[in-house]
Amino acid sequence: MRGNIAQLMQQAQKMQENLQRAQEELAKLEVTGNAGGGMVSVTLSGRMECRKVRIDPSVLSDPEMAEDLIAAAFNDAVNKVNAESQQRMGAATAGMPVPPGMKLPF
């Protein structure tokens, strides 16, 4: 029994190190979302901080369309960051027994 607990503690420590490394990688990550065939792009960091917004000048003649395209590009970037985050966090916990329903701390 004692050996199992020590093994579980080692696995938990390794998983924590992997998760921390994945979080550090995500913080450095930059993802760009696009809308309107690339007429608007929004670049976010892995922590959802906006790094850059690019808007084709032709879009600015229609403010309502510009607003819609900016929102769509932002949402595209958020979805890409979330997908990348899930992939990296999943890889960090690969092979580690995580009880069903347990939420990881992010």
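Residues numbered from 1 in each chain as written. Predicted model: local features only at pLDDT ≥ 70, side-chain atom pairs only at ≥ 80, totals over all residues. Heavy atoms only, no water.

A short note on a negative patch on the surface
A contiguous patch of negative charge on the surface is contributed by Asp-62, Glu-64, Glu-67 and Asp-68. Counting through the fold element by element, Glu-67 comes out in helix 2 (residues 63-92). (Patch = residues over 30% accessible without salt bridge, like charges linked within 9 Å, V, L, I, M, F, W, Y side chains within 5 Å. Areas by Shrake-Rupley, 256 points an atom, 1.4 Å probe, with all protein chains shown as cover. Salt bridge = Lys/Arg side-chain N within 4 Å of Asp/Glu carboxyl O. Lys, Arg positive; Asp, Glu negative; His and termini not counted. Charge placed at Lys NZ, Arg CZ, Asp CG, Glu CD. Helix = DSSP H or I, 4+ residues; strand = E, 2+ residues; numbered from the N terminus.)

Let's talk about the UniProt feature "coiled-coil region" (unreviewed entry) in the protein chain
Mapped onto this numbering, the UniProt entry gives "coiled-coil region" (unreviewed entry) at residues 5-32. Its end C-alpha atoms 44 Å apart, residues 5-32 is made of 86% helix and 11% strand. (UniProt positions renumbered as here; feature names shortened; annotations may be inferred.)

What about the pattern of salt bridges?
Overall, the coordinates contain three salt bridges when judged by the stated rule. For Arg-51, the salt bridge is made with Glu-30, and the minimal N-O distance between the two is 3.6 Å. Of the two residues, Arg-51 sits in strand 3 (residues 50-55) while Glu-30 sits in strand 1 (residues 30-35), which places them 21 residues apart along the sequence. Using a relative accessible area of 44% as the deciding quantity, one classes Arg-51 as partly exposed. Among the ionic pairs, Arg-51 bridges to Glu-49, the shortest N-O distance being 3.3 Å. The exposure class assigned to Glu-49 is partly exposed, which follows from its relative accessible area of 37%. A single network of salt bridges, built from pairs that share partners, joins Glu-30, Glu-49 and Arg-51. (Buried < 20%, exposed > 50% of the residue type's maximum accessible area, 1.4 Å probe, protein only.)

Quick look at the pairing of strand 2 (residues 40-45)
With six of its six residues buried, strand 2 lies for the most part within the structure. On strand 2, burial covers both faces: Val-40, Val-42 and Leu-44 on one face and Ser-41, Thr-43 and Ser-45 on the other are all buried. Alignment of strand 1 against strand 2, held across six bridges, turns out to be antiparallel. Across the sheet, residue Thr-32 finds its bridge partner in strand 2, namely Thr-43. What sits between the antiparallel neighbours strand 1 and strand 2 is a turn of four residues, in which Gly-36 has the positive phi angle 65°. When strand 2 meets strand 3, the two strands line up antiparallel, connected through five bridges. Opposite Ser-41, over in strand 3, you have Arg-54 as the bridge partner. Connecting strand 2 to the next strand, strand 3, in antiparallel fashion are four residues, including Met-48 with a positive phi near 65°. (Pairing = 2+ DSSP bridges.)

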